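Below, each chain spelled out in residue letters.
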Amino acid sequence: MILPIVAYGDPVLKRKAKEISQDYPNLEGLLENMFETMYNAYGVGLAAPQIGLPIRLFLVDTTPFSEDENFTEEEKNELKDFKRVFINATILEEEGDEWAFNEGCLSIPDVREDVFRQPVITIEYYDENFKKHTEKFNGLIARVIQHEYDHIEGILFTDKLSSFKKRLIKGKLNNISKGKINVDYRMRFPDQKKKR
């Protein structure tokens, strides 16, 4: 089932999410719905807060990036089949020199900005079967994970921009929360006037 994606301005996006246990109600169904919602919106990652659930859960599928001509064959191969579920994740370490990449977010449609992040992360998480992993990721995969991880920490990519950049996009962000935007997937807008 395709769920509405929560738009910028909704308090759930600024809340630090809570851990869940193995017996979280209908986890399998939730994951199916989240993947379906993400694919429907042409996303490469989706965090539970983006569908209104303040829980530490996000998923990533970087396959669409494997079509991008800007990446080397090796990078494309890495990106091609990278599909994961991250539950109760904790980033243990971020290392390397920060690099910029133009990021966007399904909760903030039509806004893309360069964000600086470190290239290598070590992350501890549980998969969909609640098996624990500690893994190292780098490059674009690390970045997508960092972006989604920020969501469960109540951080948006726009929070990482300079105050000058924030001022420049303020009007756009206000319009997004009011629903004054054309978007081709289902969304829920926090400041949309309730229709009578």
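Please read these numbers as outputs of a predicted model, since none were measured by experiment.

Asks: Whenever I open this one, the environment of E103 confuses me. Can you help?
Replies: With respect to the secondary-structure elements, E103 resides in strand β5 (residues 99-105). When its relative accessible area of 5% is taken as the criterion, E103 is described as buried. Sequence separation between E103 and F58 is 45 residues, and the spatial gap between their C-alpha atoms is 17 Å. Once you skip the residues sitting within four places of it in the chain, E103 turns out to touch V111, R112, E113, V115, R117, R143, H147 and F157. Side-chain polar atoms of E103 contact the side chain of R117, separated by 2.7 Å.

Asks: Looking at this structure, I do not really get the pairing of strand β6 (residues 108-117). What am I missing?
Replies: Side-chain positions along a regular strand alternate between the two faces of the sheet. In the sheet, β5 pairs with β6 via six bridges, with the strands oriented antiparallel. Looking at β6, one finds that F101 is bridged to V115. Remark: two residues form the turn of the hairpin made by β5 and β6, two consecutive strands paired antiparallel.

Asks: Looking at this model, I keep getting lost on the pairing of strand β3 (residues 57-61). Mind explaining?
Replies: Counting buried positions along β3 yields five of five residues, so the element is predominantly enclosed. Burial of β3 is two-sided: the residues L57, L59 and D61 facing one way and the residues F58 and V60 facing the other way are all buried. Relative to β3, strand β2 (residues 45-47) runs antiparallel, the two being bridged by three bridges. Of the residues in β3, the one forming a bridge with A47 is F58. Pairing between β3 and strand β4 (residues 83-95): five bridges, direction antiparallel. Note on β4: the bridge partner recorded for D61 is K83.

Asks: For this particular structure, what's the right way to read the pattern of salt bridges?
Replies: Applying the stated criterion to the full structure yields 14 salt bridges. Where K136 meets E95, a salt bridge forms, and the shortest distance between an N and an O atom there is 3.3 Å. Residue K136 is found in strand β8 (residues 132-138), and its partner E95 is found in strand β4; the two are separated by 41 residues along the sequence. In this structure, K165 engages E113 in a salt bridge whose closest nitrogen and oxygen atoms are separated by 3.5 Å. Pair noted here: K165 is in helix α4 (residues 163-178) and E113 is in strand β6, with a separation of 52 residues, a long-range link. The class of K165 is partly exposed, set by a relative accessible area of 32%. Judged by its relative accessible area of 14%, E113 is buried.

About the cut-offs
- Residues numbered from 1 in each chain as written.
- Predicted model: local features only at pLDDT ≥ 70, side-chain atom pairs only at ≥ 80, totals over all residues.
- Heavy atoms only, no water.
- Helix = DSSP H or I, 4+ residues; strand = E, 2+ residues; numbered from the N terminus.
- Buried < 20%, exposed > 50% of the residue type's maximum accessible area, 1.4 Å probe, protein only.
- Contact = heavy atoms within 4.5 Å.
- Polar contact = N/O pair within 3.5 Å; in protein donor to acceptor, adjacent residues only side chain to side chain.
- Pairing = 2+ DSSP bridges.
- Salt bridge = Lys/Arg side-chain N within 4 Å of Asp/Glu carboxyl O.

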